[in-house]
Amino acid sequence: MQRIFLFLYKIRAFLLFVALEAVAIWLIASNNSQQGSAIFNSSNQIVGNVLSTQSDILEYFSLASVNKGLVEKNAVLLTELESLRRPADSAYIALDSALEANFSFRGAKVINNSLNLTQNHLTINKGSNHGIKPGMGVFNEEGVVGRVKDVSRNYATIISLLHSELLISSKITTNDVFGSTKWDGGDPGFAKLMYVPRHVVVKEGDLVVTSGYNAVFPAGIPIGAVTEVKPGTDTNYLDITIKLSTDFSRISYVYLVENLQQAELDSLYQSSGLPND
Amino acid sequence: MTSIRIISLAVAGILYFLAQVLILKNLVLFGVAFCFLYLMFIILLPMEVKTIPSLLISFVLGLGVDMFYDTMGIHTSALLAVGFVRSRWLRMLVSSGTFDEDMQPTVVNMGLQWFLSYSLPLVLIHHVVFFYVESLGTGLFFDSLQKIIASVIFVTIMSIIVQLLFYRRRRGI
């Protein structure tokens, strides 16, 4: 017995190493699940405070480009508003409530960002106190950014589109063919459009937008434009590369979108036994 | 170790940590060369620091960096590997009694050639563990290899510059 204890004492450094590595591996595993604990990432209070102070200082350097983006977005919205305005002597008939707006939008500031790893995340300065929930879609005036992962009271972490495990349901605008956008871990400017069948004719320059099918994003938010179409190794699907419309190196403000009918959709999927998203 | 020495080491550790998460985190050259300078704190601990204290310091420092990078556990596991082999590797390179135990294995104390042969394998271990765990399941072997090689070179050059600027030569022995 004494010998065993002596032996264990002799290799105590190795045992400690194994124990601490086990903790680290457990953290890696639990962080990769969709709903991790919010204590050990950048949405926790202390880390969030430090990052938000840092971004308050650095914000001044990007104000010009942020303003430019906002003005351009405003111009687009004004044009759209003009086309929706009813002429003075028109009649208006309210249609079914199913056609009413069922998305609500919120704005937030990005305080932490990464784009060179294979699993990139962002942190924003809004949390559950501001109505942010896990699973909400995130985009900016250029295009899709990602999905909310973890939420603390005042901060939230976002899985970036530049994350090897995030799929965005998308469609090609010219022929309404559906696919999934997935980043392959290489260049942060490009992603792959997957599951487009071989018989579909796709041309370079075709726009790719969100399909609105997985109920996270409303339909029509830009994702990118097709730059390369190859037959690929898969016998059923084309190998399509798209240039992402969002410049991830310059994200400063984002919009979050919540589907107000998500709960109803979820319960429907659950009762019919279908997997969601 | 005197208590003043311990305090100055703790301050150095905090400075390495803050520099890493506030400044160097955003410094990535050409999208491949990362600057993980914080691991130099573990590599440059005084020679007398044994495996168990260096493991505990690695764990705390790794967790802190992970929180800011949102890579929970990956920096920690890579840094623990360095903390575990550091002391043994040092024993192999330095025969006991030749140097003051309190001394740090820096460029200014030990010379460039010795430092490179000491630090390069340790930095390589850290980067191999970090980038391969980080890209697990994506099949990006050569992209990760490119990042590892570029980052090892970048970190080594940065750390030599930092040591020449901020580390004083120790007199005696």
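Note that the structure is predicted; figures quoted are calculated from it, not measured.

Asker: Account for the overall build of chain A, with residues named and values stated.
Answerer: Along its length, chain A carries 5 helices and 12 strands. Judged by the C-alpha coordinates and their principal axes, chain A covers about 95 × 50 × 45 Å. Expressed as a percentage of contacts within chain A between residues at least 6 apart in sequence, the contacts between residues at least 24 apart total 61%. Within the structure as shown, chain A displays about 15,500 Å² of accessible surface, and the carbon and sulfur contribution to it stands at 60%. In chain A, the 22 positive side-chain charges and the 26 negative ones have mean positions that sit 9 Å from each other.

Asker: Kindly report on the overall build of chain B, identifying the contributing residues and their values.
Answerer: For chain B, the helix and strand inventory stands at 7 helices and 2 strands. Along the first, second and third principal axes, the C-alpha atoms of chain B reach 50 × 30 × 30 Å. Counting every position in chain B, which comprises 173 residues, the buried fraction comes to 55%. Of the contacts made within chain B by residues no fewer than 6 positions apart, 74% connect residues no fewer than 24 positions apart. A total accessible area of about 7,800 Å² is found for chain B, and carbon and sulfur atoms account for 73% of it. The averaged location of the 8 negative side-chain charges in chain B is 9 Å from the averaged location of its 11 positive side-chain charges.

Asker: Explain the sheet that holds strand β2 (residues 119-124) of chain A to me, using residue names and the numbers behind them.
Answerer: Residues and elements named next belong to chain A. One closed barrel accounts for 6 strands, arranged β1-β2-β5-β4-β3-β12; its pairing is antiparallel. Strand-to-strand twist across the sheet, computed as the mean angle between neighbouring axes with direction ignored, equals 45°. Two strands pair when backbone bridges link them, and strand β3 (residues 137-139) and strand β12 (residues 253-259) are joined in this way by 3 bridges, in the antiparallel orientation. Of the residues in β12, the one forming a bridge with G137 is V257.

Asker: Could you give an account of the packing of helix α3 (residues 51-69) of chain B against helix α4 (residues 74-93) of chain B, naming the residues involved and the relevant values?
Answerer: Residues and elements named next belong to chain B. At a closest axis distance of 8 Å, the pairing of α3 and α4 adopts a crossing angle of 160°. The orientation of α3 with respect to α4, classified from their angle, is roughly antiparallel. Handedness of the crossing formed by α3 with α4: right-handed. Two secondary-structure elements touch here, α3 through T51, S54, L55, S58, F59, L61, G62, L63, V65, D66 and Y69 and α4 through I74, H75, T76, L79, L80, G83, F84, R86, S87 and R88. Within the contact of α3 with α4, the residues separate by chemical class into 10 nonpolar, 8 polar and 3 charged.

Asker: Give me the lowdown on the UniProt feature "domain: Rod shape-determining protein MreC beta-barrel core" (unreviewed entry) in chain A, citing residues and values where you can.
Answerer: Per the UniProt record, the feature "domain: Rod shape-determining protein MreC beta-barrel core" (unreviewed entry) sits at residues 110-258 of chain A. Structurally, residues 110-258 of chain A is divided into 0% helix and 47% strand, and its ends, taken at the C-alpha atoms, are 18 Å apart.

Asker: Lay out the interface of chain A and chain B with the relevant residues and their values.
Answerer: Taken together, the contacts link 33 residues of chain A with 33 residues of chain B. Here chain A and chain B share an interface that buries about 2,900 Å² over both sides, 68% of which is from carbon and sulfur atoms. It is A:L20, A:N116 and A:L117 that lose the most area in chain A upon contact with chain B, and together they represent 20% of the buried surface on that side. For the interface between chain A and chain B, the tally reads 0 salt bridges. Here chain A and chain B share 7 residue pairs in polar contact (both at pLDDT 80 or more) between them.

Asker: Got a sec to walk through the environment of B:F131? Specific residues and values, please.
Answerer: By the element assignment, B:F131 lies in helix α6 (residues 112-134). When the C-alpha atoms of B:F131 and B:F141 are compared, they prove to be 9.5 Å apart, with 10 residues separating the residues in sequence.

Asker: I'd like a description of a nonpolar patch on the surface, backed by residues and values.
Answerer: Residue and element names in this part refer to chain B. There is a patch of nonpolar side chains on the surface, built from F141, F142, L145, I149, I153, I157, I161, L165 and F166 and spanning about 970 Å² of accessible area. In this structure, L165 sits in helix α7 (residues 141-166). Here L165 falls in the exposed class, since its relative accessible area comes to 62%.

Asker: Would you mind going over the nonpolar core in detail, with residue names and values included?
Answerer: Membership of the largest hydrophobic core comes to 55 residues, with the highest contact counts inside it found for B:Y16, B:F36, B:L39, B:M40 and B:I43. With 7 residues, the single largest contributor to this core is α6(B). Residues in contact with B:M40, not counting those within four places in the same chain, are B:Y16, B:F115, B:V123, B:V155 and B:S159. Grouped together as the second largest cluster of nonpolar side chains are 42 residues, A:A156, A:I158, A:V200 and A:F248 included.

Asker: Could you give an account of the side chain of B:E134, naming the residues involved and the relevant values?
Answerer: Here B:E134 lies in helix α6. Despite its burial, B:E134 pairs with no opposite charge; the closest candidate is B:K147, at 5.2 Å N-O. With near-sequence residues (within four places) excluded, B:E134 lies in contact with A:L117, A:T118, A:Q119 and B:I74.

Asker: How would you sum up the sheet that holds strand β7 (residues 177-182) of chain A? Please name residues and give values.
Answerer: Note: strands within a sheet are paired through backbone hydrogen bonds, in either parallel or antiparallel orientation. Residues and elements named next belong to chain A. Pairing in this closed barrel of 6 strands is antiparallel, and the strands run β6-β7-β8-β11-β10-β9 around the ring. Going from strand to strand, the sheet's axes swing by 40° on average, the running direction of each strand aside. Here strand β10 (residues 222-230) pairs with strand β11 (residues 239-244) via 6 bridges, running antiparallel. Bridged to G224 within β11 is L244.

Asker: Residue-level account of the environment of B:A10, with values.
Answerer: Residue and element names in this part refer to chain B. Take A10: it is sitting in helix α1 (residues 3-22). Assessed through its relative accessible area of 42%, A10 is described here as partly exposed. Separated by 45 residues in the primary sequence, A10 and L55 have C-alpha atoms spaced 15 Å apart.

The rules we used
Residues numbered from 1 in each chain as written. Chains lettered and ligands numbered in written order. Predicted model: local features only at pLDDT ≥ 70, side-chain atom pairs only at ≥ 80, totals over all residues. Heavy atoms only, no water. Helix = DSSP H or I, 4+ residues; strand = E, 2+ residues; numbered from the N terminus. Contact = heavy atoms within 4.5 Å. Areas by Shrake-Rupley, 256 points an atom, 1.4 Å probe, with all protein chains shown as cover. Lys, Arg positive; Asp, Glu negative; His and termini not counted. Charge placed at Lys NZ, Arg CZ, Asp CG, Glu CD. Buried < 20%, exposed > 50% of the residue type's maximum accessible area, 1.4 Å probe, protein only. Pairing = 2+ DSSP bridges. Axes fitted to C-alpha atoms, helices over the stretch in contact; angles between N-to-C directions. Parallel < 35°, antiparallel > 145°, perpendicular 65-115°, else oblique. Left-handed = near helix turned anticlockwise from the far one by under 90°. Nonpolar A, V, L, I, M, F, W, Y, C, P; charged D, E, K, R; others polar. UniProt positions renumbered as here; feature names shortened; annotations may be inferred. Buried area = accessible area lost by both parts, 1.4 Å probe. Salt bridge = Lys/Arg side-chain N within 4 Å of Asp/Glu carboxyl O. Polar contact = N/O pair within 3.5 Å; in protein donor to acceptor, adjacent residues only side chain to side chain. Patch = residues over 30% accessible without salt bridge, like charges linked within 9 Å, V, L, I, M, F, W, Y side chains within 5 Å. Core = buried A, V, L, I, M, F, W, Y, C linked by side-chain atoms within 4.5 Å.

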